[in-house]
Amino acid sequence: MIEAVGLSKSYGKTKAVDDLSFEVRAGLVTGFLGPNGSGKSTTMRMILGLDHPDAGTVTLGGRRYHDLHWPLREVGALLEAKAVHPGRSARLHLWSLAQTNAIPKNRVDEVLDLVGLAAVAERRVGKFSLGMSQRLGIASALLGDPGVLLFDEPINGLDPEGILWVRNLLKSLAGEGRTIFVSSHLMSEMAQTATELVVIGRGTLIADTTVDDFISSNTVATTLVRSPDAGRLAGVLTSLGATVSVADDGALVVTGSTTERIGEAAHAAGIRLHELSPQQASLEEVFMDLTADAVDFHGTSGATVPR
Amino acid sequence: MTTTTATGSPLLATAPGRAGLRQGILSEWTKLRSVRSTWIALLVIVVAGIGLSALISNVEAGRWGTLGAADRAQFDPVRFSQAGEFISQFVVGVLGALIVTSEYANGAIRTTLATLPRRTTVLAAKAVVIGAVIFVVSEVTAFASFFVGQAVLTAHGGKTLPEGSTILTQVKSSFIPVATFSSTGAARAVFFCGIYLTLLALVAFGFGLILRHTAGAISLFVGVLLVIPLIVQILPSSISDSIEKFLPSNLGLAMIVVTTRKTDFAGVLLSPWAAAMTLALYTVVIVAVGGWLLARRDA
């Protein structure tokens, strides 16, 4: 279990993380979601004792990272896949990590097998693709067979097969009772991998909930309506208490009503409809709406999340 | 995963003790030996040491017959054999800096500090490994260079001066003087050549910890060895005379020359032991500052 209480961290005048509290429970995959630059990596580094918080604490099973006697055997982390000397072979890289925590040598071959890098174990890491580097980073996280695993953007650079593999790996690790905390800036990815969510924007907590609750409580049902008599229909629907806006192509976007009620109202007023379709806000839209105020760097062409 | 328990509680976490210096040293040694640049650099130290010893000894042997009394008094067969030190000092500087700055360059320092959360342990492990490797290679090279240098002088007809010889004996000698290991100061000078290079590697290591940047650390290191002496020379001699002997490069010279035969160095250089102690003090201060910053700063 990971427990953060009142974590704060500033770099100069920039508040990277501000009074952040959350809990990550064992046996579940918890997604750590936020736009780029929202403080996810800073939080991860504070969990690992790499950055010192200005205020607050973060503990792993009740202990600070610094107090773990064999940290790799209790906490595995993938921070940056490319943070490896390019001239070193994959096997010797893992062996150098294993030695720091007195992990037996055969474990190196086990994790190489597990991530599918056994065949390239002797190859220099500098020649690895980003996907292979991610697998090596995952191997190093698993090296100590730890009960807590942190992954910072583990699917970056992976092909679809690799993404599926990571997703299943995380689920099976959680199924074994481990605590899995995985960050991403992609809501859709989290929805398929995680069951719990910690959402942050600009360093502050936006939501600490389950994926299902997050989606249902933040999704507003809208209905798309097309009619040759859109202007009159808009007036009818507004008088019934719905909120109506007009899309670029002239279609009406109706909230605060249902397809049934819209259809009945149009029929009663004698207005023909060409389209009447319920719209589910995509997870990505929900996430963007929620974090829009909390994004530091807006694109120039509208409220797009960077990258 | 075959080694996983049903609860996910780590099998290995219950071992006694904690990740410490022993584990850190093993890991740092694996890291150092597993990159090719280490072996190239160490090879350069050996080749430059032995090669320049042979070359310089050969050149100096050829000059002996033409030297006047003053130059003969300065003829230092031990020093000639350690000429490779001038090149090796930069190689050990690069190695010393890289053991820390290469990890800052690619981000691996965060992995290192996560595997061993006690930062003083990381500092000590890296210092022990780079210090020990440079010490062994430098000493082996220094001793081999010594014997190669004396062999070259002997091949030019050189002989050992008789016991109880003075500077005057050397000046009046009809043959090229050759040092033996029991010659006054010879063993000390050769041993201190390795010590000098080891301390320099640790100085560069300290610069690496402070600056966290390869080019910056190596520039500072080269600046201290080459540029600062030039600046000091420009200063009025009333100031430079008192500073010069404390410059790292002159401390190295004081450690390696056989001062009993170097009358004109008297007063210009510290005694070999004082020089070694001074350089060791510099090293301790620089590494301590680096270690203090390592412990305090975010990784």
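Since the model is a prediction, treat every value here as computed from it, not as a measurement. Numbers given to residues run from 1 along each chain, matching the order in which its sequence is written. Chains carry letters from A onward and ligands carry numbers from 1 onward, assigned in written order. It should be noted that, the model being predicted, local features are given only for residues of pLDDT at least 70 and side-chain atom pairs only at 80 or more, the latter also being counted only at that level, while totals for whole chains, interfaces and linings use all residues. Hydrogen atoms and water are omitted, and side-chain values are computed over all heavy atoms in the structure.

Colleague: Tell me what's going on with empty space enclosed by the protein, and back it up with residues and numbers.
Modeller: Residues are said to line a cavity or pocket when one of their atoms sits within 4 Å of a point; the points come from a 1 Å grid over protein atoms alone, cavities being sets where a 1.4 Å probe fits but cannot get out and pockets being open sets with protein on both sides within 12 Å along at least five of seven lines. Grid points are joined across faces, edges and corners, and a volume is the space filled by probe spheres set on the points. Tallied over the entire structure, the rule returns 5 cavities of 30 Å³ or more. In this structure, the largest cavity spans a volume of roughly 270 Å³. Along its surface, the largest cavity is lined by 23 residues, and A:A77, A:L78, A:L79, A:S140 and B:T111 are the ones closest to its centre. Any residue that is not Ala, Val, Leu, Ile, Met, Phe, Trp, Tyr, Cys, Pro, Asp, Glu, Lys or Arg is counted as polar, Gly included; the first ten are nonpolar and the last four charged. Taken together, the residues of the lining of the largest cavity sort by class into 14 nonpolar, 7 polar and 2 charged. Taken as a whole, the second largest cavity spans an internal volume of roughly 80 Å³. What lines the second largest cavity is a set of 13 residues, and nearest its centre among them are B:G49, B:Q82, B:E85, B:T141 and B:C193. Working definition: helices are DSSP H or I runs of at least four residues, strands are E runs of at least two. Numbering for both runs from the N terminus. Per element, the largest residue contribution to the lining of the second largest cavity is 4 residues, and it comes from helix α7 (residues 119–155) of chain B.

Colleague: Residue-level account of the environment of A:H185, with values.
Modeller: Residue and element names in this part refer to chain A. Looking at where H185 falls in the secondary structure, it is placed in the loop between β7 (179–184) and α7 (187–193). Only protein chains enter the accessibility calculation, which uses a 1.4 Å probe; a residue is then buried when its area is under 20% of its type maximum, exposed when over 50%, and partly exposed in between. Judged by relative accessible area, which is 7%, H185 ranks as buried. Taking the C-alpha atoms as reference, H185 lies 9.4 Å from S38; in sequence the two are 147 residues apart.

Colleague: Before we move on, can you summarise the nonpolar core with the specific residues and values?
Modeller: The definition of a nonpolar core used throughout is a set of buried Ala, Val, Leu, Ile, Met, Phe, Trp, Tyr and Cys residues joined through side-chain atoms within 4.5 Å. By size, the foremost hydrophobic cluster in this structure holds 89 residues, and its most contacted members are A:I2, A:L150, A:F181 and B:M255. Tallying contributions element by element places helix α9 (residues 186–211) of chain B first for this core, with 17 residues. One finds A:A139, A:F151, A:L158 and A:F214 within the second-largest nonpolar core, a separate group that totals 48 residues.

Colleague: Residues and numbers for the confidence of the model for chain B, please.
Modeller: Per-residue confidence for chain B averages 91 on the pLDDT scale, and 92% of its residues sit at or above 70. Confidence over residues 1–10 of chain B falls short of pLDDT 50; this stretch has 31 contacts with residues more than four positions distant or in other chains. Per residue, pLDDT captures the predictor's confidence, and it can take any value from 0 to 100. Any pair of residues with heavy atoms lying within 4.5 Å of one another is described as a contacting pair.

Colleague: Explain the interface of chain A and chain B to me, and be specific about the residues and the numbers.
Modeller: Counting residues at the interface gives 48 residues for chain A, matched by 43 residues for chain B. Salt bridge, as used here: a side-chain nitrogen of Lys or Arg that lies within 4 Å of a carboxyl oxygen of Asp or Glu. Linking chain A to chain B there are 2 salt bridges. Across the pair A:K9 and B:D298 runs a salt bridge, and its minimum N-O distance is 2.7 Å. N or O atoms closer than or at 3.5 Å make up a polar contact, with two conditions inside protein: a donor-capable atom paired with an acceptor-capable one, and, for residues adjacent in sequence, both atoms drawn from side chains. Linking chain A to chain B there are 19 residue pairs in polar contact (both at pLDDT 80 or more). Looking at the side of chain A that touches chain B, the elements with two or more residues in it are β1 (2–11), α2 (71–74), α3 (90–100) and α4 (106–115) of chain A. Sort the elements by how many residues they give to the side of chain A that touches chain B and α3(A) lands first, with 6 residues. Of the residues contributing to the side of chain A that touches chain B, the split by class is 20 nonpolar, 13 polar and 15 charged.

Colleague: Which residues make up unusual backbone geometry, and what values do they have?
Modeller: Glycine aside, residues mostly have negative phi, and peptide bonds are mostly found in the trans state. All names here are of chain A. Located in the positive-phi region is D19, a residue other than glycine, with phi close to 50 degrees. Relative to the helices and strands, D19 is located in strand β2 (residues 14–24). Classification of D19 as exposed rests on a relative accessible area of 53%. The backbone of A102 sits at a positive phi, close to 50 degrees, despite the residue not being glycine. Note on placement: A102 falls in the loop between α3 and α4.

Colleague: Describe the sheet that holds strand β13 (residues 275–279) of chain A, naming the residues involved and giving the relevant values.
Modeller: Residue and element names in this part refer to chain A. Reading across the sheet, the 4 strands line up as β11-β12-β10-β13 and stay open at both edges, with antiparallel pairing between neighbours. Edge positions in the sheet fall to β11 (243–246) and β13, since each of these pairs with one other strand and no more. Averaged over all pairs of adjacent strands, the angle between their axes in this sheet comes to 25 degrees, without regard to strand direction. Here strand β10 (residues 222–226) pairs with β13 via 5 bridges, running antiparallel. In the sheet register, T222 faces β13, and the bridge partner there is Q279. The strands touched by helix α10 (residues 259–268) within the sheet are β10, β12 (252–255) and β13, with β13 carrying the most contacts at an inclination of about 160 degrees. Paired strands are those between which DSSP finds at least two bridges. Only the stretch in contact is used when fitting a helix axis, every axis being a line fitted to C-alpha atoms; angles between N-to-C directions are given from 0 to 180 degrees.

Colleague: Let's hear about the domain arrangement of chain A: which residues, and what values?
Modeller: Domain delimitation follows an automatic or database domain assignment. As assigned here, chain A comprises domain 1 (2–210) and domain 2 (220–279). Each of domain 1 of chain A and domain 2 of chain A has a C-alpha centre, and these two points are 47 Å apart.

Colleague: I'd like a description of the packing of aromatic side chains, backed by residues and values.
Modeller: Pairing of aromatic side chains here covers Phe, Tyr and the six-membered ring of Trp, requires ring centres within 6.5 Å, and sorts the geometry by plane angle: under 30 degrees stacked, over 60 edge-to-face, intermediate tilted. Following the criterion strictly, the structure yields 13 aromatic pairs over all chains and no others. Aromatic pair B:F86 and B:F90: ring centres 5.7 Å apart, planes at 85 degrees, arrangement edge-to-face. Taken together, the residues B:F86 and B:F90, both in helix α5 (residues 85–106) and 4 residues apart, mark about one turn of the helix. Aromatic pair B:F192 and B:W273: ring centres 4.9 Å apart, planes at 75 degrees, arrangement edge-to-face. In this pair, B:F192 is assigned in helix α9 and B:W273 in helix α13 (residues 272–296), connecting sequence segments 81 residues apart. Connected via pairs of aromatic rings, a cluster forms that spans B:F135, B:F191, B:F192 and B:W273. Above the ring of A:W165, the side-chain terminus of A:R135 is found at 4.5 Å from the ring centroid. Definition used: whenever NZ (Lys) or CZ (Arg) falls within 6 Å of the ring centre and also within 35 degrees of the ring normal, the charge is taken to sit over that ring. Its guanidinium or amino end placed over the ring of B:W64, B:R72 lies 4.1 Å from that ring's centre, counting from NZ or CZ.

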